[in-house]
Number of protein chains: 2
Amino acid sequence: MRQTKSLNKLVKVFEETEFAISVVSLVKRFKSEMSKTTVYRILERLEKKNVIHSFIGKDGERWVAKLQQAYPSHVERHPHFQCKTCGNMECVPFDFNLPTIKGYEVEAANLVLIGTCEQCL
Amino acid sequence: MRQTKSLNKLVKVFEETEFAISVVSLVKRFKSEMSKTTVYRILERLEKKNVIHSFIGKDGERWVAKLQQAYPSHVERHPHFQCKTCGNMECVPFDFNLPTIKGYEVEAANLVLIGTCEQCL
DNA sequence: AAAGTAATGCAACTCAGGTGCAATAGCAAA
DNA sequence: TTTGCTATTGCACCTGAGTTGCATTACTTT
């Protein structure tokens, strides 16, 4: 993966926050610095390299966030929590207590919780 | 809510299956019988009247399924399970074991599990 | 410094979903 | 049954996220 200016700008964003970020907001934020095509393609590369992971919000919007190796199950099935008040989307650093369904095999998950966060309560 | 032919056709679909159905597939299925605008608007009405509920799949697509009063928590936060092999999307009739996060208040959820179902294993 | 090729920008496209408006058809009252 | 009200529909058009092809640019390696 080549070390381009656009790549570094995006990587820096993920280094500076624990929150997930909506892809649309990234495109807007860097509108004057790179094309939306570039944003989408860089995110694709970063996800393939396991630098970030992505998931779908409650209205079908895509979100991205850095991968935190601290949590072993971070890759495939940890939930995300979005606060209705402040809009922040957090990775929930808990292993998910999936009801094991007899005979079913769960491989991945897209789990979004909506509510009010600690700060906003 | 007026008893129109289009409405009855869609209601019948939900009466005849326990599975969730993607909105796109409904639009395709009734292409020759009603306009997509009508499909979207009827689904909107049915959801408002609590005849069906909707949620977002792993790729951001909208799905709809009938509400089953049998399960008390059916409305807001039961999970859905999509089989990678047959493509069927099922409502998981279990109460969800959400990790209660101290200080956080969960109001709703969009929970999609992906894997292999009983039939396809 | 040169060359190979990964990455970018741009324009054009796809596809889900929504909107405004005129035409149609349930439904209720007469 | 007929009339009138208005909910519902169809159509054309729009919006916005995401993708693609291709020519150009700029990393990286030798």
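Definitions and limits used
- Residues numbered from 1 in each chain as written.
- Chains lettered and ligands numbered in written order.
- Predicted model: local features only at pLDDT ≥ 70, side-chain atom pairs only at ≥ 80, totals over all residues.
- Heavy atoms only, no water.
- Least-squares fit on C-alpha atoms with pLDDT ≥ 70 in both.
- Contact = heavy atoms within 4.5 Å.
- Core = buried A, V, L, I, M, F, W, Y, C linked by side-chain atoms within 4.5 Å.
- Buried < 20%, exposed > 50% of the residue type's maximum accessible area, 1.4 Å probe, protein only.
- Helix = DSSP H or I, 4+ residues; strand = E, 2+ residues; numbered from the N terminus.
- Near = heavy atom within 4 Å.
- Polar contact = N/O pair within 3.5 Å; in protein donor to acceptor, adjacent residues only side chain to side chain.
- Phe/Tyr/Trp six-rings, centres within 6.5 Å; stacked < 30°, edge-to-face > 60°.
- Pairing = 2+ DSSP bridges.
- Axes fitted to C-alpha atoms, helices over the stretch in contact; angles between N-to-C directions.
- Buried area = accessible area lost by both parts, 1.4 Å probe.
- Salt bridge = Lys/Arg side-chain N within 4 Å of Asp/Glu carboxyl O.
- Nonpolar A, V, L, I, M, F, W, Y, C, P; charged D, E, K, R; others polar.

**Q** Would you mind showing me how to read the relation of the copies chain A and chain B here?
**A** For these two chain copies, the linking operation is a rotation about an axis paired with a shift along it. Screw-axis analysis of chain A against chain B gives a translation of 0.0 Å along the axis, an RMSD of 0.0 Å, and a rotation angle of 180 degrees. Expressed as a symmetry operation, the mapping of one chain copy onto the other fits a two-fold axis. Of all interface residues in chain A, 100% are interface residues in chain B too; the two copies therefore contact each other through one and the same surface.

**Q** I would appreciate a short explanation of the nonpolar core in the present structure.
**A** Across soluble globular proteins, you tend to see nonpolar side chains buried next to one another. Ranked by size, the top nonpolar core spans 18 residues in total, and within it Phe81 of chain A together with Phe81 of chain B carry the most contacts. Of all elements in the fold, only strand 4 (80-83) and strand 6 (105-116) of chain A together with strand 4 (80-83) and strand 6 (105-116) of chain B reach the threshold of two or more residues within this core.

**Q** Even after reading the chapter, I still don't get the protein's contact with DNA strand C, so can you show me in this structure?
**A** Neighbouring residues of DNA strand C: 21 residues in total, closest Thr38, Arg41 and Arg45 of chain A together with Gln3 and Tyr40 of chain B. With respect to DNA strand C, the side chain of Thr37 of chain B contributes an N or O atom lying 3.4 Å from a base oxygen. At 2.8 Å, a side-chain N or O of Tyr40 of chain B approaches a phosphate oxygen of DNA strand C. When residues of the surface near DNA strand C are traced back to their parent elements, those giving at least two are helix 3 (36-48) of chain A together with helix 2 (23-29) and helix 3 (36-48) of chain B. Top contributing element to the surface near DNA strand C by residue count: helix 3 of chain A, with 5 residues.

**Q** What is the right way to look at the environment of Glu33 of chain A in this model?
**A** Residue and element names in this part refer to chain A. The residue Glu33 is located in the loop between helix 2 (23-29) and helix 3 in this model. We classify Glu33 as partly exposed; its relative accessible area is 40%. Distance from Glu33 to Gly87, taken between C-alpha atoms, is 25 Å for residues 54 residues apart in sequence. A distance of 3.0 Å separates the side chain of Glu33 from the side chain of Lys9, its partner in a polar contact.

**Q** Sorry if this is basic, but what is going on with the packing of aromatic side chains here?
**A** The way to describe two aromatic rings as a pair is by their centre distance and the angle between their planes. Per the stated rule, a full pass over the model turns up 2 aromatic pairs over all chains. With 5.0 Å between their ring centres and 85 degrees between their planes, Phe81 of chain A and Tyr104 of chain B make a pair best called edge-to-face. With Phe81 of chain A in strand 4 and Tyr104 of chain B in the loop between strand 5 (89-91) and strand 6, this residue pair bridges two chains. This pair shows no difference in class: Phe81 of chain A is buried, exactly as Tyr104 of chain B is.

**Q** Sorry, what's going on with the side chain of Thr116 of chain A here?
**A** With respect to the helices and strands, Thr116 of chain A occurs in strand 6. The contact partners of Thr116 of chain A, leaving out residues within four places of it in the chain, are Phe81, Cys83, Thr85 and Leu121 of chain A together with Gly103, Tyr104, Glu105 and Glu107 of chain B.

**Q** Even after reading the chapter, I still don't get the sheet that holds strand 4 of chain A, so can you show me in this structure?
**A** Hydrogen bonds between backbone atoms are what pair the strands of a sheet, whose relative direction is either parallel or antiparallel. If you walk across this open sheet you meet the 6 strands as 5(A)-4(A)-6(A)-6(B)-4(B)-5(B), and the pairing is mixed. Only two strands of the sheet have a single partner each, and these edge strands are strand 5 (89-91) of chain A together with strand 5 of chain B. Taking each pair of neighbouring strands and ignoring which way they run, the sheet shows an average axis angle of 20 degrees. Where strand 4 of chain B meets strand 5 of chain B, 3 bridges bridge the pair, whose relative direction is antiparallel. Along strand 5 of chain B, the bridge assignment pairs Gln82 of chain B with Met89 of chain B.

**Q** It is not clear to me how the interface of chain A and chain B should be interpreted in this structure. Could you clarify?
**A** The figure often quoted for interface size is the accessible area lost as the parts come together. Taken together, the contacts link 33 residues of chain A with 33 residues of chain B. Interface of chain A and chain B: buried area, both sides summed, is about 3,000 Å²; carbon and sulfur atoms make up 61% of it. One salt bridge connects Lys84 of chain A with Glu107 of chain B, and the closest N-O pair in it is separated by 2.8 Å. Taken together, the connections running from chain A to chain B amount to 14 residue pairs in polar contact (both at pLDDT 80 or more). At 12 residues, the largest contribution of residues to the side of chain A that touches chain B is made by strand 6 of chain A. Residue composition of the side of chain A that touches chain B, grouped by class: 18 nonpolar, 7 polar and 8 charged.

**Q** Explain the protein's contact with DNA strand D here, please?
**A** The environment of DNA strand D is formed by 21 residues, the closest being Gln3 and Tyr40 of chain A together with Thr38, Arg41 and Arg45 of chain B. Protein-adjacent atoms of DNA strand D, using a 4 Å cutoff, are sugar or phosphate at a proportion of 56%. Here Thr37 of chain A contributes a side-chain N or O atom positioned 3.5 Å from a base oxygen of DNA strand D. Residue Arg45 of chain B places a side-chain N or O atom 2.2 Å away from a phosphate oxygen belonging to DNA strand D. Where the surface near DNA strand D is concerned, the elements lending two or more residues are helix 2 and helix 3 of chain A together with helix 3 of chain B. Of all the elements, helix 3 of chain B adds the most residues to the surface near DNA strand D, at 5 residues.

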